[in-house]
Amino acid sequence: MIELEHVSKTFVTKSGTHKALDDVSLSVADGDIYGIIGPSGAGKSTLVRCINLLEHPTSGSVIIDGTDVTGYGDKQARELRRHVGMIFQNFDLYAQRTVLQNVTFPLELQHVKRADRLARAHELLEMVGLSDKERNYPSQLSGGQQQRVAIARALANRPKVLLCDEATSALDTISTISVLKLLKRVNRELGITLVVITHAMNVVEAICNKVSVIEDGAIVEQGAVADVFSNPQREITKQLLGKVNWDE
Ligand code: ADP
């Protein structure tokens, strides 16, 4: 479903150049819940933003569902993002719109008929368990509820892939569990492939089947979650797993 081939990304700023991604290759199969884990600043967000072309790689290729999208311009990239949805740490809901209007908004952009927009939004709000909140505004909801609205909005256009960028990092334990369970259902019941960016190993352990560990812009370890967890090779992976020798 997603192939990254030798993807590098260099940012040029006034203070110099920074290589945020260094020769990253990975392969996400249809139906995977693929975790990408690493410490802050490792390049996780940049990597996931290269998948939906919010960032363009400096070199390398991005292939989505068999199509090389690397050279896409703005218009094609916007079209791609209809099939590759995204949710964020801070939910990014429209504050001036109700829950229902947030979920119908992507469909308005596609000029979907009003009755069809409402039917789809009601179906999604039921799925995420928020039918009773459709007239509320985002500020009237808890963090976990806001993220569930964001998931419903991201699913409105029936994407094949959902990118989750630190989707539970701003949530408490109980809300984290409800959002992770929902993401698992989205994968299982709707057949949507998930890419889960996180700095928390418990998130990977809870829902992912494969994982890549990223450090300083490069993938340092990759494989089935069970293998990487039971036999971590790299120091960074051991630390992320909490295997720290405090007396060293
Ligand atoms: P992570 O998501 O793992 O915390 P990021 O992908 O956000 O890491 O950032 C990786 C590195 O790239 C960081 O050093 C960050 O400062 C840098 N970076 C990210 N986006 C930009 C940008 N638009 N311009 C310049 N540097 C950036």
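Described below are features of the structure shown in this document.

The rules behind each value
Residues numbered from 1 in each chain as written. Predicted model: local features only at pLDDT ≥ 70, side-chain atom pairs only at ≥ 80, totals over all residues. Heavy atoms only, no water. Helix = DSSP H or I, 4+ residues; strand = E, 2+ residues; numbered from the N terminus. Rg over C-alpha atoms; globule rule 2.2 N^0.38 Å. Buried < 20%, exposed > 50% of the residue type's maximum accessible area, 1.4 Å probe, protein only. Areas by Shrake-Rupley, 256 points an atom, 1.4 Å probe, with all protein chains shown as cover. Lys, Arg positive; Asp, Glu negative; His and termini not counted. Charge placed at Lys NZ, Arg CZ, Asp CG, Glu CD. Axes fitted to C-alpha atoms, helices over the stretch in contact; angles between N-to-C directions. Parallel < 35°, antiparallel > 145°, perpendicular 65-115°, else oblique. Left-handed = near helix turned anticlockwise from the far one by under 90°. Contact = heavy atoms within 4.5 Å. Nonpolar A, V, L, I, M, F, W, Y, C, P; charged D, E, K, R; others polar. Pairing = 2+ DSSP bridges. Near = heavy atom within 4 Å. Polar contact = N/O pair within 3.5 Å; in protein donor to acceptor, adjacent residues only side chain to side chain.

Here the focus is the overall build of the protein. When its secondary structure is counted, the protein shows nine helices and 10 strands. Taken against the 2.2 N^0.38 rule, which gives 18 Å for 248 residues, the C-alpha radius of gyration of the protein at 18 Å falls within 12% of a compact globule. C-alpha atoms of the protein, sized along the principal axes, occupy 60 × 45 × 35 Å. Within the protein, the proportion of its 248 residues that are buried is 49%. About 12,300 Å² of surface is accessible on the protein, with carbon and sulfur atoms providing 46% of the total. Charged side chains of the protein number 28 positive and 30 negative; the gap between the two group centres comes to 8 Å.

Put simply, helix α3 (residues 99-109) and helix α5 (residues 143-155) touch, their axes get as near as 7 Å, and they point 25° apart. The orientation of α3 relative to α5 falls into the category roughly parallel. For the pair α3 and α5, the sense of crossing is right-handed. Of the residues in α5, those in contact with V99, N102, V103 and P106 of α3 are V149, A152 and R153. Of the residues that constitute the contact of α3 with α5, the class distribution is five nonpolar, one polar and one charged.

Attention shifts here to the sheet that holds strand β4 (residues 59-64). Spatial strand order, β2-β1-β4-β5: four strands in an open sheet with antiparallel pairing. Among the strands making up the open sheet, the edge pair consists of β2 (16-28) and β5 (67-68). The pairing of β4 with β5 spans two bridges and is antiparallel. Note that in β5 the partner of I64 across the bridge is T67.

Taken in spatial order, the six strands line up as β6-β7-β8-β3-β9-β10 in an open sheet, and their pairing is mixed. The open sheet has two edge strands with one neighbour each: β6 (84-87) and β10 (218-224). Strand-to-strand, the axes of this sheet are offset by a mean angle of 15°, without reference to chain direction. Across five bridges, the pairing between strand β3 (residues 33-37) and strand β8 (residues 193-198) is parallel. Looking at the pairing, Y34 lines up with V195 of β8.

With respect to spatial proximity, the complete set of residues near the ligand consists of F11, T13, H18, A20, P39, S40, G41, A42, G43, K44, S45 and T46. H18 places a side-chain nitrogen or oxygen 3.2 Å from an oxygen atom of the ligand. Between the ligand and the protein, one listed contact pairs an oxygen atom with a backbone N or O atom of A42 at 3.1 Å. With the chains in place, 62% of the 560 Å² that the ligand exposes on its own is no longer accessible. Elements with a minimum of two residues in the shell around the ligand: β1 (2-13), β2 and α1 (44-51). Looking at the shell around the ligand element by element, the count peaks at three residues for α1. Residue composition of the shell around the ligand, grouped by class: four nonpolar, seven polar and one charged.

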